Amino acid sequence: MRKTNNTRNIIIKTDFVRMVYELFREFSVQLSDGYWENSCEEWGEYGYYTDIWNCFEYSIGEENNFVITLKDKPICEDSKTACDLLHKYTDEELVEYLVNALIISIENYPDVFDNYFSKNELNILIDSIKNFKILPPPLPKLTHAELVKIIGYDFEYVR
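The paragraphs below set out a description of the structure included in this document. Not measured: the values here are computed from a predicted model.

Some points on the sheet that holds strand E1 (residues 8–13)
Part 1: Strand order across the open sheet formed by four strands is E2-E3-E1-E4, with antiparallel pairing between neighbours. Only two strands of the sheet have a single neighbouring strand rather than two, namely strand E2 (56–60) and strand E4 (133–134).
Part 2: In this fold helix H1 (residues 17–33) packs onto E2 and strand E3 (66–70), with an angle of close to 155 degrees to the strand it touches most, E2.
Part 3: On the sheet, helix H5 (residues 91–108) packs against E1, E2, E3 and E4 and is oriented at approximately 70 degrees with respect to E1.

Let's talk about the packing of H5 against helix H6 (residues 119–130)
Part 1: Here H5 crosses H6 at 160 degrees, and the two axes come no closer than 10 Å. Judged on the interaxial angle alone, H6 and H5 are roughly antiparallel. The element H5 and its partner H6 pack so that their crossing is left-handed. Touching Val99, Leu102, Ile103 and Ile106 of H5 are Leu122, Ile126, Ile129 and Lys130, all from H6.
Part 2: Residues belonging to the contact of H5 with H6 are distributed by class as follows: seven nonpolar, no polar and one charged.

Here we look at the packing of aromatic side chains
Part 1: In this structure the tally under the stated criterion is eight aromatic pairs.
Part 2: With a centroid separation of 6.2 Å and 90 degrees between ring planes, the pair formed by Tyr89 and Tyr97 is classed as edge-to-face.
Part 3: Take Tyr89: its relative accessible area is 32%, and that puts it in the partly exposed class.
Part 4: Relative accessible area serves as the criterion here: at 22%, Tyr97 is assigned to the partly exposed category.

Thresholds applied
- Residues numbered from 1 in each chain as written.
- Predicted model: local features only at pLDDT ≥ 70, side-chain atom pairs only at ≥ 80, totals over all residues.
- Heavy atoms only, no water.
- Pairing = 2+ DSSP bridges.
- Helix = DSSP H or I, 4+ residues; strand = E, 2+ residues; numbered from the N terminus.
- Contact = heavy atoms within 4.5 Å.
- Axes fitted to C-alpha atoms, helices over the stretch in contact; angles between N-to-C directions.
- Parallel < 35°, antiparallel > 145°, perpendicular 65-115°, else oblique.
- Left-handed = near helix turned anticlockwise from the far one by under 90°.
- Nonpolar A, V, L, I, M, F, W, Y, C, P; charged D, E, K, R; others polar.
- Phe/Tyr/Trp six-rings, centres within 6.5 Å; stacked < 30°, edge-to-face > 60°.
- Buried < 20%, exposed > 50% of the residue type's maximum accessible area, 1.4 Å probe, protein only.

Rendered as structure tokens:
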């Protein structure tokens, strides 16, 4: 994926990170190439959560955290308006949007996930994603000179 200034990573601490990743990945796959593929006519102009598969990617990051990436540019140009709107959301709003979309889809179409998760696993994963803990972004790496400029004095020589 091409990293740009507007690409945003949201790092989340969660239990069952591998299964949470698989759940979000499967949801995205079903939106783009599976159960809900080409559902625009049935679900309205933009389709059934097409912005989710067009604008987001998911991965497992450092320290076994779940990473949601809001891309700078969507996969399909048709979703540019939706992606631009999502960039105005806070991290908390984005996560809430994704979690709600996933839970609604599981509740309304549980059979979509039958091949991948048992009903008990889905219930546990729903509880897990409802309790996502968003981690603050990592501090930028600064040189000694940049730190001195921010603090206003050379802390290395302070006793």
